[in-house]
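Fold and contact review
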Amino acid sequence: MYIQNLSEIRQIMGYRKSDGYEMILEVYKVPAGYKIAGEIKGMLDDVELFSFPRPDRVLANNWQSWGPARVITKDFKLNFPKDLIEKFGFSASIMPEVYFDNLISDYFLAADTFVIGALKSEIGHVYFKLSDDTVSVHVRYFGKMFDEWTSIEPIVVINLNPDDGFTYYAELIAKENNVTFSSHNPVGWSSWYQYYLDFNYERMISDLEKSRELDLGYEVFQIDDAWEVDIGDWVPNEKFPSLKEVADKIASYGYKPGIWLAPFSISETSSVFKNHRDWLVKNESGVPVVAYENWNKKIYALDITHPEAVEWLKNLFVGLKANGFDYFKIDFLFAGAIQGKRYAHNVSPIEAYRKGLKVIREAVGDSFVLGCGAPLLPSVGLVDGMRISADTAPFWDPNSPDIGYPNAYYALRNVITRNFMNNVLWWNDPDCLMLRKEDTQLSDAHRELYAVTSLLLDNMIIQSDNLSYEIDENLWNLVKKYKTYGRRKFKVRGLMSGRYKITSCGINGCDELVIEDLATLQYKVNYDTPRIELSKVVEKRTDGRTFNYYMENNK
């Protein structure tokens, strides 16, 4: 059904019957807009709910962490490099058969006067298809059969500009999903953006020693990709001792041990692929589906509905936790939600993905779980932190393809455009700060802008540097100072124009960052006059307990 304006949204209400399914749509008034709900019954694949005129410019969003959240105009054309389509696979979209030949926005879409978006994704995938003149709103159920009337994924239309509308939208998502996550917003270190795969136990110890010498104040110390035998074979390779020894060593420095893995990904060279092909998502012919390519290998997807795969996944995380790890960066999560044939009948890719996340969540209990490369809306309520950008990188290139490849420029752009998710759905992970002054193409201005933006938005702060290098001490001291002041309230203006103004208030006052042009680094930071100064106090009690707290100076 086509409506001339979103103010006519009530016109879509009613009963519809199509080949194989029935649907009832209802529209309710909510503050500043409308909520679309309803029920479905029958066999559903791709259902268009309604369409409306396409605005001149929209903020469009990709389905997973690394994908772009950007403003596009009507002359924008998706020009995805053809030689990368096969390599990206489902990384680019849960619907690659649609994505590469169309322009779509996943979960939500915004224009100058409204925000429209799904409030949950537990079974279906809500997306917006943009033609030259219209936007059509779809829910994809991937051929699932509903024998009983079942609620659709609710959608909200908010008649506010995106600067205000996205804040409200995130609050509605949190309420709809009864979201809970860790109250702790960690500060730490990760090996990835310094060493990549060239990381080993000796380097880990070297940076642990250096971190203590420099008194960097980490809470988490996380080893990234490089420790495992293969993707899917999650046992230490020859570069590391046992995982218990690794975790114990990290803990001996007073840090929470953290570890990276890609739990839904299975490499073609792994023992899991060779011995348990029945655990993999397959096509209709029974052949395992390639989810994506990386590490110069084909990567397949774990079928999280297979009972043996579920048991393997649970034991994997129970074992990691038993070895002492308490912070889990789980990566390439989109692999759990690819299309294909699974062991369980009539399970949508979204349902399978959420089942896998629940297995991990239950296995690690209250440990911190950081999602990465993850379908965003289906992860709500199941992770504590979420990467909301492409990988950062030791370079800044506004002219490279905006497709989710590592690039500090696009990473920081997403940190701003997805700011509203922070401390409402989870803690936003802006990706690592790289503060080294050598072995990098980033300038002082790049480092400052990335660090200040992340701090003012109250994001997670994870550093990734060889600590033997010269580090920008002023910036890390700024990190330590901001974290002293606790939580911050922030407001971002200019999401549609790209001229951003971030106002961020803590107990030290209200600071302001104005970014006139992110690409050319035209920005200015206006720090408030400090209203109080705090000093850290470490109190060791006679019963052996240690308390860390802050006191206002001169009190």
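Residues numbered from 1 in each chain as written. Predicted model: local features only at pLDDT ≥ 70, side-chain atom pairs only at ≥ 80, totals over all residues. Heavy atoms only, no water.

Structural notes on the overall build of the protein
Across its full length, the protein carries 13 helices and 30 strands. For a compact globule of 555 residues, the expected C-alpha radius of gyration is about 24 Å, and the protein comes in at 24 Å, within 12% of that figure. Projected onto the principal axes, the alpha-carbon positions of the protein cover approximately 70 × 60 × 50 Å. Pairs at least 24 apart in sequence give 69% of the contacts found in the protein among residues at least 6 apart. (Helix = DSSP H or I, 4+ residues; strand = E, 2+ residues; numbered from the N terminus. Rg over C-alpha atoms; globule rule 2.2 N^0.38 Å. Contact = heavy atoms within 4.5 Å.)

Thoughts on the sheet that holds strand β26 (residues 500-506)
The strand order across the open sheet formed by 4 strands is β25-β26-β27-β28, and the pairing between neighbours is antiparallel. Each end of this open sheet is capped by a strand with a single partner; those strands are β25 (489-493) and β28 (522-526). In this sheet, neighbouring strand axes are inclined to one another by 10° on average, regardless of whether the strands run parallel or antiparallel. Summarising the sheet, β26 and strand β27 (residues 509-517) pair through 7 bridges and their orientation is antiparallel. (Pairing = 2+ DSSP bridges. Axes fitted to C-alpha atoms, helices over the stretch in contact; angles between N-to-C directions.)

A closer look at the pattern of salt bridges
One pass over the structure, following the stated rule, counts 29 salt bridges. For the salt bridge of glutamate 176 with lysine 35, the shortest nitrogen-to-oxygen distance reads 3.1 Å. Of this pair, glutamate 176 sits in helix α3 (residues 162-177) while lysine 35 sits in strand β3 (residues 33-53), placing them 141 residues apart in sequence. The closest approach of N and O atoms between aspartate 164 and arginine 493, which form a salt bridge, is 3.0 Å. A residue pair is termed long-range when its members are at least 10 positions apart, and aspartate 164 in helix α3 and arginine 493 in strand β25 qualify at 329 residues. Connected through salt bridges with shared partners, the residues Asp45, Glu97 and Arg140 form a single ionic network. (Salt bridge = Lys/Arg side-chain N within 4 Å of Asp/Glu carboxyl O.)

Examining the state of the cysteines
On inspection of all chains with the given rule, the structure shows 1 disulfide. One disulfide in the model links cysteine 505 with cysteine 510; its S-S distance is 2.0 Å. Every disulfide takes its handedness from the sign of the S-S torsion; for cysteine 505 and cysteine 510 that torsion is 110°, giving right-handed. By relative accessible area, which is 25% here, cysteine 505 ends up partly exposed. Its relative accessible area of 30% is what places cysteine 510 among the partly exposed residues. (Disulfide = S-S within 2.5 Å. Buried < 20%, exposed > 50% of the residue type's maximum accessible area, 1.4 Å probe, protein only.)

Section: the pairing of strand β2 (residues 21-30)
As defined by bridge partners, strand β1 (residues 14-18) adjoins β2 across 5 bridges and the pair is classed as antiparallel. Bridging from a neighbouring strand, lysine 17 pairs with glutamate 22 of β2. Hairpin geometry of β1 and β2 is characterised by an intervening segment of 2 residues between the two adjacent antiparallel strands and by a positive phi of about 95° at glycine 20. Sheet analysis places β2 next to β3, joined by 10 bridges and oriented antiparallel. Looking across to β3, one finds that methionine 23 is bridged to isoleucine 40. Where β2 folds back on β3, the antiparallel hairpin that results is connected by 2 residues, among which alanine 32 adopts a positive phi of roughly 70°.

Concerning helix α11 (residues 408-417)
Counting buried residues along α11, 10 of its 10 residues qualify, which places the element largely inside the surrounding structure. Those residues of α11 lying buried are Ala408, Tyr409, Tyr410, Ala411, Leu412, Arg413, Asn414, Val415, Ile416 and Thr417. As for α11, its buried residues are in contact with β5 (69-73), α12 (444-456), β25, β26 and β27. Two to three positions downstream of the cap, the backbone nitrogen of tyrosine 409 sits 3.0 Å from a side-chain oxygen, assigning the N-cap of α11 to asparagine 407. (Polar contact = N/O pair within 3.5 Å; in protein donor to acceptor, adjacent residues only side chain to side chain.)

Side note on the nonpolar core
Ranked by size, the top nonpolar core spans 197 residues in total, and within it Phe50, Phe52, Ile116, Tyr169 and Phe317 carry the most contacts. For this core, the element with the most residues is β3, which contributes 8 residues. Each residue touching phenylalanine 317, except ones within four places of it in the same chain, is listed here: Leu261, Pro263, Phe328, Ile330, Ile360, Ala363 and Val364. (Core = buried A, V, L, I, M, F, W, Y, C linked by side-chain atoms within 4.5 Å.)

Notes on the packing of aromatic side chains
Counted under the stated rule, the structure contains 41 aromatic pairs. Ring geometry for phenylalanine 108 versus tyrosine 169: centroids 5.9 Å apart, planes at 70°, classification edge-to-face. A residue pair is termed long-range when its members are at least 10 positions apart, and phenylalanine 108 in strand β7 (residues 108-111) and tyrosine 169 in helix α3 qualify at 61 residues. Note on accessibility: phenylalanine 108 and tyrosine 169 belong to one class, buried. With 6.2 Å between their ring centres and 85° between their planes, tyrosine 193 and tyrosine 196 make a pair best called edge-to-face. Grouping aromatic residues by their ring pairs yields a cluster made of Trp66, Trp227, Trp234, Trp260, Tyr292, Trp295, Phe332 and Phe334. (Phe/Tyr/Trp six-rings, centres within 6.5 Å; stacked < 30°, edge-to-face > 60°.)

Side note on the packing of α11 against α12
It is the contact of α11 with α12, at a shortest axis distance of 11 Å, that shows an interaxial angle of 20°. For the element pair α11 / α12, the angle class is roughly parallel. The hand of the α11/α12 crossing is left-handed. Contacts between α11 and α12 involve Ala408, Ala411, Leu412, Val415 and Ile416 on the former and, on the latter, Leu449, Tyr450 and Thr453. (Parallel < 35°, antiparallel > 145°, perpendicular 65-115°, else oblique. Left-handed = near helix turned anticlockwise from the far one by under 90°.)

As for α3
Helix length check: α3 (16 residues) gives 22 Å between terminal C-alpha atoms against 22 Å at 1.5 Å per residue, within 8%. For α3, the full list of buried residues reads Pro162, Asp163, Gly165, Phe166, Tyr168, Tyr169, Ala170, Leu172, Ile173, Ala174 and Asn177. Measuring from the side-chain oxygen of the N-cap residue of α3 to the backbone nitrogen of aspartate 163 gives 2.9 Å; that N-cap residue is asparagine 161. Just downstream of α3 lies asparagine 178, where phi reads positive at about 50°. (Expected span 1.5 Å × (residues − 1).)

So, the sheet that holds strand β19 (residues 297-301)
Overall, antiparallel pairing links the 3 strands, which are arranged β17-β19-β18 in an open sheet. The open sheet has two edge strands with one neighbour each: β17 (265-267) and β18 (290-294). Across this sheet, the average inter-strand angle for adjacent strands is 35°, counted without regard to direction. Across 4 bridges, β18 lies against β19 in antiparallel orientation. Along β19, the bridge assignment pairs glutamate 293 with lysine 298.

Geometric descriptors of this kind do not, in isolation, establish any biological role.
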